[in-house]
Amino acid sequence: MRCCVCLFTQSLECSPSKMAAGESNSRSSCLNLSNSGPLGNAPPSNSAHSSPASNGGVVVAAGGMNRGAGNANPRTGPENGGGGAESAVRSTPSAHNPPRQSVCPSGATSGAASNMTATPSSSSTSSSSSSASSDASAAVASLPSSPASVLVYREPVYNWQATKSTVKERFAFLFNNEVLSDVHFLVGKGMGVQRIPAHRFLYSDEVQIGPETVMTTLYSAKKYAVPALEAHCVEFLKKNLRADNAFMLLTQARLFDEPQLASLCLENIDKNTADALAAEGFTDVDLDTLVAVLERDTLGLREVRLFGAAVRWAEAEAQRQQLQPTPENKRRVLGKALSLIRFPLMTIEEFAAGPAQSGILTDREVVSLFLHFTVNPKPHVEFIDRPRCCLRGKECSITRFSQVESRWGYSGTSDRIRFSVNRRIFVVGFGLYGSIHGPTDYQVNIQIIHTDSNTVLGQNDTGFSCDGTASTFRVMFKEPVEILPSVNYIACATLKGPDSHYGTKGMRKVTHEAPATGTKTCFTFCYAAGNNNGTSVEDGQIPEVIFYT
């Protein structure tokens, strides 16, 4: 439906290009309305030269709302309620000549309003044209507030909804439409700028999220407090979480305060540590994220490889900080993360070939770690010596003896006991008896051997200090050893030191029940043939097995 505006029953027509140029002719100023928009108004302009109405002119409003021409501070757009369709004409006086009425459609605001701005004419405008323009301006300014003064024929503002049967259809109609628009985006630069209408609400509850848009969408959902959209984004990230993007998503989850997503990322890194550290995004994480990962006891990777990954990150971080990748700068950017590398868990060969020659550690640290690897009693080191276990949950242990006695001797022969379990577990260490002669240091080698193949599955050459009591003292493997159900294994410990306590009244079957879940892990112990230093099911060493399920 085309809009028609009649002033004093005189038909006014002119070219928009002529109006914009301020071309002088003998005809009086006119109003040109092009094809109608969705409400019957002139369609909005996305031109960079569209002029909004100002507070300094005279506004004539007609149509859906009764407002007079004498308003001193007319307002358009969403602030005035935007209930009716209106046409606003602003007159801007010239310092030398009366204004020539040249009006063009501008971007419609809420309620599909059209702002039409009058621009001053050139000083060379003919007197007859100026006179006509002055008369027209005076006539416009003197118009009464009655709706009869200006006749606007258009479709009622609510009529577009009558053709839409659902809310979804109505929202779809409003998308990229001036109707009820309460915000506009200016896109582009200079002459190419476009004015795009928008509404500060969501058009539907349907969302299409892709890898390229999910993070910006999550940011918007957080900023504007749209929990349903936020949940969609997080669910998308969960479904697309992989080892090669786990570090990147972990950084974003920490940034957007999404603890559930962060937890899933960390679990993925635990299970796929090698692949996650090899991914491109690993070296882009911030220091706090790196620290959060290295603090974990559940990473499934040897410590020497974790050190190599930390060095790669330090090189990238030094470049970001515009520092030379010297050993000193690498240590500087690593900060707290360096102390989280568990150097004591490395073999002496791994340490000598890598960290000891990197220049990142101080001479004092290198010496103390070499002493830790080679002598007993072992000196204190500033780095964590607790093994990492690739399993989550609480540490478990079982004790196979009911009573403790004194004097068990050692002559270089290994104490050995055969065992099997009813479910898959990971053994991380043994509990061993210590000296009966007071505080003493022992040197020990512990092993787990696959019985059928005689393969050593895990071992550690280390030592422990005891206090002379009948307690057990923990001796840990460098890495967890996987134990499969219904398979025979041999637990082996070779001690060098004075006589110790030992266990008696041993049990052939020992069951551990998890307090939280009630899951039962059943150990069955058997005599290990061959040299075993006298250890058996009934009495001997290796009283305790420490494990995770």
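The name an unreviewed UniProt entry assigns to the protein chain is BTB/POZ domain-containing protein 2-like isoform X3, from the organism Carassius auratus. Regarding the protein chain, the relevant UniProt record gives this comment under Subcellular location (unreviewed entry): "Cytoplasm".

**Looking at the environment of Val311**
Note on placement: Val311 falls in helix α11 (residues 303–320). Among the residues examined, Val311 registers a relative accessible area of 15% and is labelled buried. Along the backbone, Val311 and Thr283 are 28 residues apart, and their C-alpha atoms lie at a distance of 9.7 Å. Residues within four places of Val311 in sequence aside, it is in contact with Lys330 and Ile360.

**What to know about the packing of aromatic side chains**
Under the counting rule described, the total for this entry stands at 17 aromatic pairs. With centroids separated by 6.4 Å and ring planes inclined at 80°, the aromatic side chains of Tyr410 and Tyr442 adopt a geometry described as edge-to-face. Linking Tyr410 in the loop between β10 (401–408) and β11 (415–421) with Tyr442 in strand β13 (residues 440–450), this pair joins segments that are 32 residues apart in sequence. Judged on exposure class, the residue Tyr410 and its partner Tyr442 are both buried. Ring-pair connections join several aromatic residues into one group, and the members of that group are Phe307, Phe343, Phe351, Phe370, Phe373 and Phe383. For the cation-ring pair, Arg400 lies above Phe525, with the distance from its terminal atom to the ring centre recorded as 5.5 Å.

Definitions and cut-offs
Residues numbered from 1 in each chain as written. Predicted model: local features only at pLDDT ≥ 70, side-chain atom pairs only at ≥ 80, totals over all residues. Heavy atoms only, no water. UniProt positions renumbered as here; feature names shortened; annotations may be inferred. Helix = DSSP H or I, 4+ residues; strand = E, 2+ residues; numbered from the N terminus. Buried < 20%, exposed > 50% of the residue type's maximum accessible area, 1.4 Å probe, protein only. Contact = heavy atoms within 4.5 Å. Phe/Tyr/Trp six-rings, centres within 6.5 Å; stacked < 30°, edge-to-face > 60°. Lys NZ or Arg CZ within 6 Å of the ring centre and 35° of its normal.

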